[in-house]
Amino acid sequence: MIRPIRDETDYDAALAEIDSLMGVTPGTPESDRLEVLVTLVERYEAENWSIEAPDPISAIRHVMEARGLRQKDLAALIGSQSHASEVLRRRRPLSLAMIRVLAAEWSLPADVLVREYELATS
């Protein structure tokens, strides 16, 4: 009997059953059960453990660190060393042109880059 996942005990039981059903033949009642359980687990995780997207500058910094990029690499994309410095220090907001080039060249999600974030105060 499949029931909603209401707590961690239900969640753990659903994960254990999913694990036991992995590799079942598609189109069988077991594969249907697996699909429903996965849907319930995804819903439970989204409701209880949602992860908020990072602010744009944190995302840029993360990508730079992960890819071994430096401020000069950012400057080459957005126009100048001073613009890159001001953006990274949160003294200058990202412009639409900057967002477009970062999304295109570094494959950063535009929906993350357009999020509002606080600028540093003087």
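Note that this is a predicted model, so its numbers are computed, not measured.

Conventions and cut-offs
- Residues numbered from 1 in each chain as written.
- Predicted model: local features only at pLDDT ≥ 70, side-chain atom pairs only at ≥ 80, totals over all residues.
- Heavy atoms only, no water.
- Helix = DSSP H or I, 4+ residues; strand = E, 2+ residues; numbered from the N terminus.
- Rg over C-alpha atoms; globule rule 2.2 N^0.38 Å.
- Buried < 20%, exposed > 50% of the residue type's maximum accessible area, 1.4 Å probe, protein only.
- Contact = heavy atoms within 4.5 Å.
- Areas by Shrake-Rupley, 256 points an atom, 1.4 Å probe, with all protein chains shown as cover.
- Polar contact = N/O pair within 3.5 Å; in protein donor to acceptor, adjacent residues only side chain to side chain.
- Expected span 1.5 Å × (residues − 1).
- Arc of directions from axis to C-beta.

For the protein chain, the helix and strand inventory stands at seven helices and zero strands. Traced from its N-terminal end to its C-terminal end, the protein chain shows the element sequence α-α-α-α-α-α-α. The C-alpha atoms of the protein chain give 22 Å as radius of gyration, which overshoots the globular expectation for 122 residues (14 Å, by more than 25%). Taken over the C-alpha atoms alone, the protein chain extends approximately 60 × 30 × 25 Å along its principal axes. Counting the 122 residues in the protein chain, one finds 29% classified as buried. Sequence separation of at least 24 residues holds for 58% of the intrachain contacts in the protein chain that already meet a minimum separation of 6. When the accessible surface of the protein chain is summed, it comes to about 8,300 Å², and 51% of that surface belongs to carbon and sulfur atoms.

Along the polypeptide, D10 turns up in helix α1 (residues 8-21). A distance of 3.1 Å separates the side chain of D10 from the backbone nitrogen of R6, its partner in a polar contact. When neighbours within four sequence positions are excluded, D10 is seen to be in contact with R3, P4 and I5.

Attention shifts here to α1. Along an α-helix, a turn takes 3.6 residues, which lines up residues three or four apart on a common side. The first and last C-alpha atoms of α1 sit 20 Å apart over 14 residues, in line with the 20 Å expected at 1.5 Å per residue. For α1, every residue scored as buried is listed here: D10, Y11, A14, I18 and L21. Viewed end-on, α1 has its buried residues packed into an arc of 100°, placing them on one side of the element. Among the exposed residues of α1, those oriented more than 90 degrees off its buried face are T9, D19 and S20. Close packing links the buried residues of α1 with α2 (29-48). Between the side-chain oxygen of the N-cap and the backbone nitrogen of T9 there are 3.1 Å, and the N-cap of α1 in question is D7. Once α1 ends, the next one or two residues include G23, with phi positive near 90°.

Interpretation in functional terms is not warranted from these geometric data alone.
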